[in-house]
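Topology and contacts: notes
Letter by letter, the chains look like this.
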Amino acid sequence: MFDTMKVTKIVGGLTSALLVFLFANWAANSLYGFGEKRGEGEEKMAYVIETEEDGGGAQETAVEEGPDFATLLASADPEKGAKLFKKCAACHAITPGTNRTGPTLYGVVGRDIGSVEGFGYSATLAEMEGNWDPEALNGFLENPKGYAPGTKMAFKGFKKVEERADIIAYLQTLSE
């Protein structure tokens, strides 16, 4: 027949399960902070960095102009360049006719771009016109992939203009 004790146990079990679910939901909202208390989709910044803006909203930064590259190259130190060249030596040789992962850099200053016999240049460098004058080398050594998009050279470049000047001064000493 109809046993009230069984019905009471079933209702009590369902009520207990509902209370456990509600408690778990409350604990999760407290710990992880999602739900109505935070304002659904409203995000708050942890900290704000104050900046001065001009009327257009863009911030101007003053860039100090240094000496031009020719002046830096004139006062560059080839000995420092030889030390810095060690980064290049992993892929480039400085002996005539010796190619490695990169072409030989013997006599590179003034040489036609992409002209070393027997070296497989990327299409970008093979099609470039001009010579490796100090200005071109400076641009390439600063950011090879930016100067010649598609180059195979994986080196990221020398960010300091003084280092590039020293390396180019060293490379100028490597010719007949």
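Small disclaimer: the values here were computed from a predicted structure and weren't measured. (Residues numbered from 1 in each chain as written. Predicted model: local features only at pLDDT ≥ 70, side-chain atom pairs only at ≥ 80, totals over all residues. Heavy atoms only, no water.)

1. Brief notes about the overall build of the chain
Applicable threshold: In this description a helix means any DSSP run of H or I spanning at least four residues, a strand means any run of E spanning at least two, and both kinds are numbered starting from the N terminus. The cut-offs for exposure are 20% and 50% of the maximum accessible area for each residue type, with area from a 1.4 Å probe on protein chains only; residues under the lower value are buried, those over the upper are exposed, and the others partly exposed. Residues count as neighbours in contact if any of their non-hydrogen atoms are within 4.5 Å of one another. Accessible areas in this description were obtained via Shrake-Rupley with a 1.4 Å probe; residue shielding takes into account the shown protein chains only.
Scanning the chain from terminus to terminus reveals seven helices and zero strands. The helix and strand sequence of the chain, counted from the amino end, reads α-α-α-α-α-α-α. Looking at the chain as a whole, 26% of its 176 residues qualify as buried. Look at the contacts in the chain between residues 6 or more apart in sequence, and 43% of them connect residues 24 or more apart. Accessible surface for the chain amounts to roughly 13,000 Å². Of this, 57% is attributable to carbon and sulfur atoms.

2. Description of the environment of Ala-148
Structurally, Ala-148 is set in the loop between α6 (144-147) and α7 (161-172). Residues Ala-148 and Met-128, spaced 20 residues apart in sequence, show a C-alpha to C-alpha distance of 8.5 Å. Ala-148 has contacts with Thr-124, Leu-125, Met-128 and Phe-140, leaving out every residue within four places of it along the chain.

3. A short note on the nonpolar core
Counted only if it meets this: By nonpolar core is meant a set of buried Ala, Val, Leu, Ile, Met, Phe, Trp, Tyr and Cys residues that side-chain atoms within 4.5 Å join together.
In this structure, Leu-125, Trp-132 and Leu-171 are the most contacted members of the largest nonpolar core, which totals 28 residues. Only α2 (69-74), α5 (134-142) and α7 provide two or more residues apiece to this core. The leading source of residues in this core is α7, at six residues. If we ignore the near neighbours within four places in the chain, the residues touching Trp-132 are Val-108, Val-109, Gly-110, Arg-111, Asp-112, Ile-113, Gly-114, Leu-125, Leu-137, Phe-140 and Tyr-147.

4. Focus: the side chain of Thr-104
Its location among the elements puts Thr-104 in the loop between α3 (78-84) and α4 (123-127). Taking the relative accessible area as the measure of exposure, Thr-104 reaches 4% and is therefore buried. Residues in contact with Thr-104, not counting those within four places in the same chain, are Ala-93, Ile-94, Thr-95, Pro-96, Gly-97, Thr-98, Asn-99, Arg-111 and Val-116.

5. Some remarks on a nonpolar patch on the surface
The condition that has to hold: Exposure above 30% relative accessible area and the lack of any salt bridge qualify a residue for a patch; like charges then connect within 9 Å, and the nonpolar side chains Val, Leu, Ile, Met, Phe, Trp and Tyr within 5 Å. Only one rule defines a salt bridge in this text: a Lys or Arg side-chain nitrogen within 4 Å of an Asp or Glu carboxyl oxygen.
A grouping of Leu-18, Leu-19, Phe-21 and Leu-22 is seen on the molecular surface, where their side chains present a nonpolar patch of about 430 Å² in accessible area. Mapping Leu-22 onto the fold places it in helix α1 (residues 4-32).

6. Some details on α5
When we look at burial in α5, the residues that qualify are Ala-136, Leu-137, Asn-138, Gly-139, Phe-140 and Leu-141. On its buried face, α5 sits against α2, α4, α6 and α7.

7. Observations regarding the state of the cysteines
To keep it simple, the criterion reads: By definition, disulfides here are pairs of cysteine sulfur atoms that lie within 2.5 Å.
If you walk through the whole model with that rule in mind, you get zero disulfides. The cysteine Cys-88 is free of any disulfide, with Cys-91 supplying the nearest cysteine sulfur at 8.8 Å. The exposure class assigned to Cys-88 is buried, which follows from its relative accessible area of 11%. By relative accessible area, which is 32% here, Cys-91 ends up partly exposed.

8. A short note on the packing of α5 against α7
Heads up, the rule is: Between N-to-C directions, angles span 0 to 180 degrees; the directions come from axes that are lines fitted to C-alpha atoms, helices contributing only their stretch in contact. An angle counts as roughly parallel when it lies under 35 degrees, as roughly antiparallel when it exceeds 145, as roughly perpendicular when it falls between 65 and 115, and as oblique in every other case. The sense of a crossing depends on the near helix, which, turned anticlockwise from the far helix by less than a right angle, makes the crossing left-handed and, turned clockwise, makes it right-handed. Each residue is assigned to one class: nonpolar for Ala, Val, Leu, Ile, Met, Phe, Trp, Tyr, Cys and Pro, charged for Asp, Glu, Lys and Arg, and polar for all the others, Gly among them.
Between α5 and α7, the least distance of the axes is 10 Å, while the angle of their chain directions is 130°. Taken as axis vectors, α5 and α7 run oblique relative to one another. α7 is crossed by α5, and the crossing has right-handed handedness. The segment α5 lies against α7, with Pro-134, Leu-137, Asn-138, Leu-141 and Glu-142 engaging Val-161, Arg-164, Ile-167, Ile-168 and Gln-172. Partitioning the contact of α5 with α7 into residue classes produces six nonpolar, two polar and two charged.

Structural measurements only, silent on function.
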